[in-house]
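Examination of the molecular architecture
Chain by chain, the residues run as shown.
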Amino acid sequence: YPIEALKQDIDSLCANVWDLWQERDPAVEIVTDKDTLPTPPAWLLEPFILANQPNIIFGERSAAKSLTALVFSTVLTLQWEDNPLRIPPAKSYCEVLYLDFERNEATVHYNLSRLQRGMELPGITVHYKRLHGPLSRNIEWVRKYLREHATIKLVIIDSITPASGGNLNETGPASDFFDAERSLKTTSLCLAHTSKDAEAKRKSVVGSFAWEAYAGNIWECRKNQDEESDIAEICLYHRKPPAVYRTRKPMGYRVSFNEDGHSLTTEWLDPKNIAEFVERMTTNTRILDLLKHQTLTSEEIAKSLNLSLPTVKVTVNRLKNKNNIVNVGAVGHANKWGLSQ
């Protein structure tokens, strides 16, 4: 059989398979009606996990990303009302599939057990699979598993570095990863490392811009913990909101690793009380928090927050136009600002 004819047959077969693959999502007509507003995109766990979209939590090594994902899993599977993040659990029961590209079953099992013991929770069930190679190579197994377990509504991917199967600084691995993720037709929470610039105030997901471009909702996770301390403070910053929703304020929680070493407790934490977290909040958030119990001029705000006066003036003007703050009087030639009632 001539080699050229064989190549043509293979190309034709690939083209036919590709056409069949594209037909799995047929084209539809979108028709608007001024009297009917479509339902907005739903949350699986508001505001961290947008349903039927890829969500990302990124941070430095040992920033408690995996632990945060397990807390989310517990809130979802147990419909945990009084959870430490003070977030409403899902309205309907759902389960979680944890795809682990970095660690092993024993680590995940141990951390879930510590959380259960410390918080005195019922038994926690999470579907777990240790995977090797990129997500695209394992995608048939994952799709099959999801078909067999219809109650799974969230897939956690830990993490995108090994799951991408390529150089994160190139756009190709990101495209391949999200092509595979979309084929799951479910909600995903992808854990990622951060850019290497340690001094950057505003960090990003490691690698190509495509990782952030393809994701529908992104949070940065930061941890503050002293050496030899059994207490870790976690802050989550909203770095990219879904297209139809606003950016949320930073949210935090505290983890205490109990003396026996085999249990942990979690509780809500106001990140504005932790200096290391405040430095990385937006200027808007810092000024609004400063004005909660006092009125100040722009010069006083700049001095209190160690910001340049031009930056403060621009931000104050923006907050005034949004009716977040008001002019409450003047000292000399300078206006004093306070929160709107």
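What comes next concerns the included structure. (Residues numbered from 1 in each chain as written. Predicted model: local features only at pLDDT ≥ 70, side-chain atom pairs only at ≥ 80, totals over all residues. Heavy atoms only, no water.)

Now for the pattern of salt bridges. If you walk through the whole model with that rule in mind, you get 11 salt bridges. The partner of Glu102 in a salt bridge is Arg103, and the shortest N-O contact between them spans 3.3 Å. Using a relative accessible area of 33% as the deciding quantity, one classes Arg103 as partly exposed. One salt bridge connects Asp179 with Arg182, and the closest N-O pair in it is separated by 2.5 Å. One end of the pair is Asp179 and the other is Arg182, both in helix 6 (residues 171-183) and three residues apart, which spans about a single turn. (Salt bridge = Lys/Arg side-chain N within 4 Å of Asp/Glu carboxyl O. Buried < 20%, exposed > 50% of the residue type's maximum accessible area, 1.4 Å probe, protein only. Helix = DSSP H or I, 4+ residues; strand = E, 2+ residues; numbered from the N terminus.)

Below, the discussion takes up the packing of aromatic side chains. Geometrically, a pair of aromatic rings is defined through the distance of the ring centres and the angle of the planes. Across all of its chains, the model carries nine aromatic pairs by this definition. Where Trp43 meets Tyr245, the ring centres are 5.1 Å apart and the plane angle is 45°; that geometry is what we call tilted. Taken together, the residues span a long stretch of sequence, with Trp43 in strand 1 (residues 43-45) and Tyr245 in the loop between strand 9 (231-240) and strand 10 (251-257) at a distance of 202 residues. A relative accessible area of 22% places Tyr245 in the partly exposed class. Measuring from ring centre to ring centre gives 5.6 Å for Phe178 and Trp211, while their planes differ by 55°; the resulting arrangement is tilted. Linking Phe178 in helix 6 with Trp211 in helix 7 (residues 210-214), this pair joins segments that are 33 residues apart in sequence. Trp211 carries the same exposure label as Phe178, and that label is buried. (Phe/Tyr/Trp six-rings, centres within 6.5 Å; stacked < 30°, edge-to-face > 60°.)

Next up on the list: the pairing of strand 7 (residues 187-193). For strand 7, the buried fraction is high: six of the seven residues fall into the buried class. Examined bridge by bridge, strand 3 (residues 54-59) and strand 7 share six bridges and lie parallel to one another. Opposite Ile56, over in strand 7, you have Cys190 as the bridge partner. Bridge count between strand 6 (residues 152-158) and strand 7: five bridges; the pairing is parallel. Looking at strand 7, one finds that Val155 is bridged to Ser188. (Pairing = 2+ DSSP bridges.)

Regarding helix 10 (residues 298-305), the residues found buried are Ser298, Ile301, Ala302 and Leu305. In an axial view of helix 10, the angular spread of the buried residues amounts to 100°, which keeps them on one side of the axis. On its buried side, helix 10 packs onto helix 9 (283-290), strand 12 (296-297), helix 11 (309-321) and strand 14 (334-339). One or two positions beyond helix 10, positive phi appears at Asn306, with a value near 60°. (Arc of directions from axis to C-beta. Contact = heavy atoms within 4.5 Å.)

Our focus in this paragraph is unusual backbone geometry. Omega for the bond connecting Glu46 with Pro47 falls within 30 degrees of zero, at 0°, which places this linkage in the cis form. In this fold, Pro47 is placed in the loop between strand 1 and strand 2 (49-50). A cis geometry characterises the amide bond from Asp158 onward to Ser159, with omega recorded as 0°. Secondary-structure assignment places Ser159 in the loop between strand 6 and helix 5 (160-164). Positive phi values are uncommon outside glycine, yet Gln79 reaches one of about 45°. With respect to the helices, strands and loops of the structure, Gln79 is situated in the loop between helix 2 (65-78) and strand 4 (95-100). Phi at Arg86 takes a positive value of approximately 55°, unusual for a residue other than glycine.

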